[in-house]
Every structure is written in C-alpha cells, then in structure tokens.
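For reference, the chains in residue letters:
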Amino acid sequence: MIQKSGIMFLLLMAVVITAGAVDLDREGRDPAYVESIVKRSQKIVDKLELTDTVAAREVTTIIANRYFKLNDIYETRDAKVKLAKETLTGDAKQEAVEAKKDAALYRTHFAFPADLSLYLDAKQIDAVKDGMTYGVVMVTYKATVDMIPTLKEEEKAQIMAWLVEAREFAMDAENSNKKHAAFGKYKGRINNYLSKRGYDLVKERKAWYERIKARGGKI
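Because the structure is a prediction, the values reported are computed rather than measured. (Residues numbered from 1 in each chain as written. Predicted model: local features only at pLDDT ≥ 70, side-chain atom pairs only at ≥ 80, totals over all residues. Heavy atoms only, no water.)

Enquirer: I would appreciate a short explanation of the overall build of the protein in the present structure.
Expert: Helices and strands together make up the secondary structure of the protein, namely 10 helices and zero strands. Overall, the protein shows an N-to-C arrangement of helices and strands of α-α-α-α-α-α-α-α-α-α. In the protein, buried positions account for 36% of the 219 residues. Surface summary for the protein: the accessible area is close to 14,000 Å², and the carbon and sulfur share equals 58%. (Helix = DSSP H or I, 4+ residues; strand = E, 2+ residues; numbered from the N terminus. Buried < 20%, exposed > 50% of the residue type's maximum accessible area, 1.4 Å probe, protein only. Areas by Shrake-Rupley, 256 points an atom, 1.4 Å probe, with all protein chains shown as cover.)

Enquirer: What is the right way to read the nonpolar core from this model?
Expert: Most often, soluble globular proteins have nonpolar side chains that are buried together. In terms of nonpolar packing, the biggest core is built from 22 residues, with Ile148, Ile159 and Leu194 touching the most fellow members. Contributions of two or more residues to this core are made by α7 (136-147), α8 (153-171), α9 (176-196) and α10 (201-214). Here Ile159 is in contact with Tyr141, Thr144, Leu151, Ile190 and Leu194, once residues within four sequence places are set aside. Grouped together as the second largest cluster of nonpolar side chains are 21 residues, Leu120, Val128, Met132 and Met171 included. (Core = buried A, V, L, I, M, F, W, Y, C linked by side-chain atoms within 4.5 Å. Contact = heavy atoms within 4.5 Å.)

Enquirer: What should I look at first to understand the pattern of salt bridges in this one?
Expert: Scanning the entire structure with this criterion turns up 18 salt bridges. Between Glu154 and Arg197 there is a salt bridge, with its nearest N and O atoms 3.6 Å apart. Of this pair, Glu154 sits in helix α8 while Arg197 sits in the loop between α9 and α10, and the two are 43 residues apart along the sequence. Note on Glu154: relative accessible area 47%, which makes it partly exposed. Of the charged contacts in the structure, one is a salt bridge between Glu155 and Arg197, with a shortest N-O distance of 2.8 Å. Highlighted residues: Glu155 in helix α8 and Arg197 in the loop between α9 and α10, separated in sequence by 42 residues. Assessed through its relative accessible area of 1%, Glu155 is described here as buried. On the basis of relative accessibility, which here comes to 39%, the residue Arg197 falls in the partly exposed class. Among the charged side chains, a network of salt bridges with common partners joins Arg77, Asp78, Glu98, Lys101, Asp102, Glu174 and Lys178. (Salt bridge = Lys/Arg side-chain N within 4 Å of Asp/Glu carboxyl O.)

Enquirer: Help me understand the packing of aromatic side chains in this model?
Expert: Enumeration over the complete set of coordinates arrives at five aromatic pairs. Ring centres of Tyr33 and Phe68 lie 5.6 Å apart, and the angle between their planes is 55 degrees; this geometry places the pair in the tilted category. In this pair, Tyr33 is assigned in helix α2 (residues 31-46) and Phe68 in helix α3 (residues 53-85), connecting sequence segments 35 residues apart. Judged by its relative accessible area of 0%, Phe68 falls in the buried class. Note on Trp208 and Tyr209: the rings are 5.7 Å apart at their centroids and 25 degrees apart in plane angle, and the pair reads as stacked. Owing to a relative accessible area of 48%, Tyr209 belongs among the partly exposed residues under this scheme. Seen from the ring of Tyr67, Arg40 lies directly overhead, with NZ or CZ sitting 4.8 Å from the centre. (Phe/Tyr/Trp six-rings, centres within 6.5 Å; stacked < 30°, edge-to-face > 60°. Lys NZ or Arg CZ within 6 Å of the ring centre and 35° of its normal.)

Enquirer: So what exactly am I meant to see when it comes to the packing of α8 against α9 here?
Expert: Helix-helix packing: each pair is described by the crossing angle between the helix axes and the interaxial distance. Taken N-terminus to C-terminus, the directions of α8 and α9 make an angle of 160 degrees; their axes are 8 Å apart at the nearest point. Accordingly, the angle class assigned to the pair α8 and α9 is roughly antiparallel. In this structure, α8 meets α9 at a crossing whose hand is right-handed. Contacts between α8 and α9 involve Glu154, Glu155, Gln158, Ile159, Trp162, Leu163, Glu165, Ala166, Arg167, Phe169, Ala170 and Met171 from the former and Lys179, Ala182, Phe183, Tyr186, Arg189, Ile190, Tyr193 and Leu194 from the latter. Partitioned by chemical class, the residues of the contact of α8 with α9 number 13 nonpolar, one polar and six charged. (Axes fitted to C-alpha atoms, helices over the stretch in contact; angles between N-to-C directions. Parallel < 35°, antiparallel > 145°, perpendicular 65-115°, else oblique. Left-handed = near helix turned anticlockwise from the far one by under 90°. Nonpolar A, V, L, I, M, F, W, Y, C, P; charged D, E, K, R; others polar.)

Shape is all these values report; function is a separate question.
In structure tokens form, the structure reads like this:
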C-alpha cells in the first residue's frame, strides 16, 4: 500500500510533467508574426530575472499563447462584423458578435494567470500583467500619490484597487489605444472619487507641476 507521502510525491511529479508540456501555438500562423510575439513575450519574462531557464521558457510560451488567443478572438470578431455589415440586420448582428467576443475573452481570461501560477508567484504574475499593459498601474499610482501628498491610506488603497481592476480589462484589449482607453475610464472614476472627497484637482495639479519643475522635472 502506497503511503500518503508517496501519493503526494506522485501527484507532484504529475503536475511537474504537465507543467513542462506547454507547446507554442504556432501552427497556421505567419512565422514572422510568431517570432515578433515570442520576442515581445521574452522581453516581459526577462524582467522577471528567473534563474530557472525551463520555467522562463515555459512562461514565455504561455504569454505568447495568450497573445495568439487574443488575436484569434479579435480576428473572429472582425470577420463576423464584416459579414454582419453585408446583411440588412447588420446592427443587431454586430451587437451579438461583440457579445460573443466578450464572452470568449471572459472564458479564457482566468486560465492565463492560472497557467502562469505553475511557475510564478503572485508578485511575478502581477509583473507579467504590468509588462503586458506598459506598467500603467504603477506609473499612474505613483503620479497620483505624488500629485496629492495628503491622500489618506484608504484613498490610496482605493486608487490602487481600481487601477488593478483596469489592468484586467487592459490585458485583454486588442491594441495599445484600447489598453490605454481601459485605464482612461478608471482614471476618470478616480478623479471623480477624489473630487467628491474634497480635493481640488486643478489646484493640486498646478501645485504638482510647480514641484516637478522645482526638482528638475522628476516625478
């Protein structure tokens, strides 16, 4: 009879073997496009400074496959929208197509960090998400805190929570403009929140610019 420790070891080995079998979803894709996506993914992974080369390779593949999946979802959406425009009921069909696209994004969204969690901890997964969204979370957070030094801790926490939420939408956006637009929506929410909390954002921003100027343009 296999003891409990032996069973746990076998289960662990099964996870390790499965985790090491990530295949790059390159079939049917333009080799130049595949190469560009792998390089983009590699740049994100390089910043993690992983010492395990196998894990680094697997994470690179997981990220690249996520980009491929997003591309497939949006290409399917575009093809169906084009077809819908050629029919008399185009508007209604376009709305249905967008709804299906959103459903596809939602269904696949959570599998991505789950796959990464086989190799990365929570902090490293956040770093990957930041890499895919140009680091906007921390840039915006640091700028806001610097602009309003009197922010309370609960206000800082709320701002960060909204920026992290925005990042989830930005990760799935189809291009850089849409990614920034996702953050823009939440920046507007943050500004409204701060205004309701009594902050004069015009005054705060003017004073901030003066402080930046005084310290040689450094935020």
